[in-house]
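Reading the structure
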Amino acid sequence: MLVILGFAMIAVFMVLIMTKKLTPVLALIIVPTVFGLFAGAGLGIGDMVMDSMKSMTSTAALLMFAIIYFGLMIDVGLFDPLVKFILRKLGNDPAKVVLGTAILAAAVSLDGDGSTTFILTTAAMLPVYLRLKMSPVVLTCVAGLANGTMNILPWGGPTARAATALKIDVNDVFVPMIPSLVAGLVVVLAFSWLLGLQERNRLRATAPEIWGVPDTAEEFDGGTPAGASGTGASGTGRVRKGGNPGGAAPAGGSVAVLDRTETLVDEHDTAMADTALDPNRSTLRPKLFWFNLALTVAVMVVLVANVIPLPFVFMVGAAIALLVNFPKVKDQGAQLIAHAPSIVAVVSMVMAAAVLTGVLKGTGMVEAMSAWLVQIIPTSMGPFMAVITGVLSIPMTFFMSNDAFYFGVLPVLSETAAHYGVGAADMARASITGQPFHLQSPLVPAILLLVSLAKVDLGDHHKKVLWRTAVISLVMLGVGMLTGAIGIG
C-alpha cells in the first residue's frame, strides 16, 4: 500500500504542476498532506513535516541571502561589463547566445555548487535573453542541463556520497567516468545549439521586422545580422544593413529586414533601457566597482574553501554590500523590498518541499518504494545490476534526496549485485549517471532558485528539460559501459 501511495503521490504532484492546475508551492503542500493522511499519518503528519523543515532552514537562509547579495550586485552594476562583453562576443544570434549560456554554466559549475552556478549564470545571461526577446525557459533548461551533468564532479556531492556509502575511494569512482562526463557535455552543447536554432526560428516568426529574412532570393548589400540570415517562407536572402526602419517593402516587393546590430549592441547601451542593465538606473555605483568585485571574489573563495557555513557567508556578504553601497537606512530597506518577490517565491517553495520529503520519510514510503524496486528485479538480471542501478538512479534520485538514495538504496542494490560478481565501484559509477535528471527535481533547492530568478514556471522548465536530461543520463551510462567503467557481472 505504501508503495502504491508513494508512486501515486509523486505522479499526481508532477501532473498537477506540469498541467498548471496548481502552483508548485500549493502542490508541494496539498498533495503530500492528502496522501500522508491516506497512509495513516494522522495528527503525526505535523511532526513529520516539522522534522523535515528543520533540515531546510539553513538552505532557505542560504537562498534568501544569496538572492539579496547577487540581486544587489546586479543593481549596483557589477555584472554590466561581463554582460556587455558576452554580447559583443556572441553577437545577437540566439543560437550563439544559448550555446554561450551552456558553456558559462558548465564553467561556473566547476565550483560544485548549483546555487552559485545558477545565480551567476542568470545574473549574466537573463538580461541578454530579455533584451533579445528570447525565452527564459531556454536559459533555465540549458543551465540545468550543464549543471546537472557537471554534478558528478567529486566535490559536487553525489560522487562523494556514493563512494562513502560503499566504502571506496572517490577517485576510483570519478576518474573512470571522465569519458562519460565528456560525452554528457557534448550532448549538452548539442542540445543547446538546437535550442538556440529553435529560438532563432521562433523569433523570425514572431518578430519578422527584426529577425526575419527577405521573402525573395535577392541579396541586398551589406552583411547579415546575427540570427537574421537563412531560409524564409519563400526563399533565402541576406538583409540589407540599415534597411527600412519600419520593415517596409522596398521597390520590387522584397522585404528589407531591419538590421538591429547597432540598436541591440551600441556604445551608448541605449537598448539596455528598462532592463536589469539600464545604464541610467539610480542604483548604479560605478565608483564602488572594484570594492564590489573584491567582495564578491572573497565570498566565492570562502564558498569554495567551505570553511564557514554558506548561509552565514552570504549573510555577512549581503550586510557588508548593503552597508557600503547604500549607507542610508531608507535605501537599504528599498533594496530589501526590491528583491522580496524573488525571496518569497524561492523560500516558500523550499519550505513547502519539506512537506513532501517529511511525508515520504515519515510514513515509510521511501523505504517501501526502495525495497519494492529491489525485490522486483529478476534473478536473471543479477549480472546487469550496475546497468539497472544506472537506469533506476534517473527516477529515484528525482523523487528522493541524494542522501536517501545513496545511503539508503545504493548499499542494498550493491549488496545484491555482489552476489553476481558486480563490484562496488561499478555500482557507484552507475549510480551517479542519473544526476543530470536529479538536478531538475523540485526537492533540489538550487533548481527552485534558478526558476525563481528567471521568473520561469517550474512546470514549463520540466517540459523542456526532463526528457533531455534523461537522454544525457542514458548517454553517460552507455559510454560508461562501452569504456568498461560500468561492468557486467
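In this text, all values refer to a predicted model and were calculated from it rather than measured experimentally. (Residues numbered from 1 in each chain as written. Predicted model: local features only at pLDDT ≥ 70, side-chain atom pairs only at ≥ 80, totals over all residues. Heavy atoms only, no water.)

1. Let's talk about the overall build of the chain
The following threshold applies: Each helix is a run of DSSP H or I of at least 4 residues and each strand a run of E of at least 2, with the numbering of both proceeding from the N terminus. Only protein chains enter the accessibility calculation, which uses a 1.4 Å probe; a residue is then buried when its area is under 20% of its type maximum, exposed when over 50%, and partly exposed in between. Contacts were defined at the residue level, with two residues in contact if any of their heavy atoms lie within 4.5 Å. For every accessible area listed, the method is Shrake-Rupley and the probe measures 1.4 Å; residues are considered covered only by the protein chains on display.
What the chain contains, in helices and strands, is 24 helices and two strands. Each of the 489 residues in the chain was classed as buried or not, and the buried ones make up 54%. Long-range contacts, defined as pairs at least 24 residues apart, comprise 74% of the intrachain contacts of the chain with a sequence gap of at least 6. Total accessible area on the chain stands at roughly 20200 Å², and carbon and sulfur atoms take up 68% of it.

2. Focus on the packing of helix α19 (residues 385-399) against helix α24 (residues 458-482)
To keep it simple, the criterion reads: Only the stretch in contact is used when fitting a helix axis, every axis being a line fitted to C-alpha atoms; angles between N-to-C directions are given from 0 to 180 degrees. By the definition adopted for this analysis, an angle is roughly parallel if under 35 degrees, roughly antiparallel if over 145, roughly perpendicular if from 65 to 115, and oblique otherwise. Put simply, a crossing is left-handed when the front helix is turned counterclockwise from the back one by less than a right angle, and right-handed when it is turned clockwise. As a working rule, the residues Ala, Val, Leu, Ile, Met, Phe, Trp, Tyr, Cys and Pro are called nonpolar, Asp, Glu, Lys and Arg charged, and the rest polar, with Gly in that last group.
Relative orientation of the contacting elements α19 and α24 amounts to 155 degrees, with a least axis distance of 10 Å. Taken together, α19 and α24 sit at an angle that is classed as roughly antiparallel. As α19 runs across α24, the sense of the crossing is right-handed. Contacts between α19 and α24 pair Val-387, Gly-390, Val-391, Ile-394 and Phe-398 from the former with His-462, Leu-466, Ala-470, Ser-473, Leu-474, Leu-477 and Met-481 from the latter. Tallied by class, the residues present in the contact of α19 with α24 amount to nine nonpolar, three polar and no charged.

3. What to know about the side chain of Thr-363
Applied cut-off: Throughout this description, a polar contact denotes any pair of N or O atoms lying within 3.5 Å of each other; where both atoms belong to protein, one of them has to be capable of donating a hydrogen while the other can accept it, and for residues adjacent in sequence the pair is counted only when both atoms sit in side chains.
With respect to the helices and strands, the residue Thr-363 is situated in the loop between α17 (340-362) and α18 (365-376). Polar contacts involving the side chain of Thr-363 include one to the main-chain carbonyl oxygen of Val-359, which spans 2.5 Å.

4. Regarding the confidence of the model for the chain
Our working rule: On a scale of 0 to 100, pLDDT captures the predictor's confidence in every residue.
Averaged over all residues, the pLDDT of the chain is 78; the fraction at 70 or higher stands at 81%. The least confident element of the chain is strand β2 (residues 236-237), whose mean pLDDT is 35; the most confident is helix α8 (residues 136-150), at 94. Taken as a whole, residues 213-268 scores under 50 in pLDDT and shows 115 contacts with residues more than four places along the chain or in a different chain.

5. What about unusual backbone geometry?
For Lys-133, which is not a glycine, the phi torsion comes out positive at approximately 60 degrees. In this structure Lys-133 comes out as exposed when scored by relative accessible area, which is 54%. With phi around 55 degrees, Lys-455 is a residue other than glycine that occupies positive phi space. Examined against the element boundaries, Lys-455 turns out to sit in the loop between α23 (445-453) and α24. With a relative accessible area of 70%, Lys-455 lands in the exposed category.

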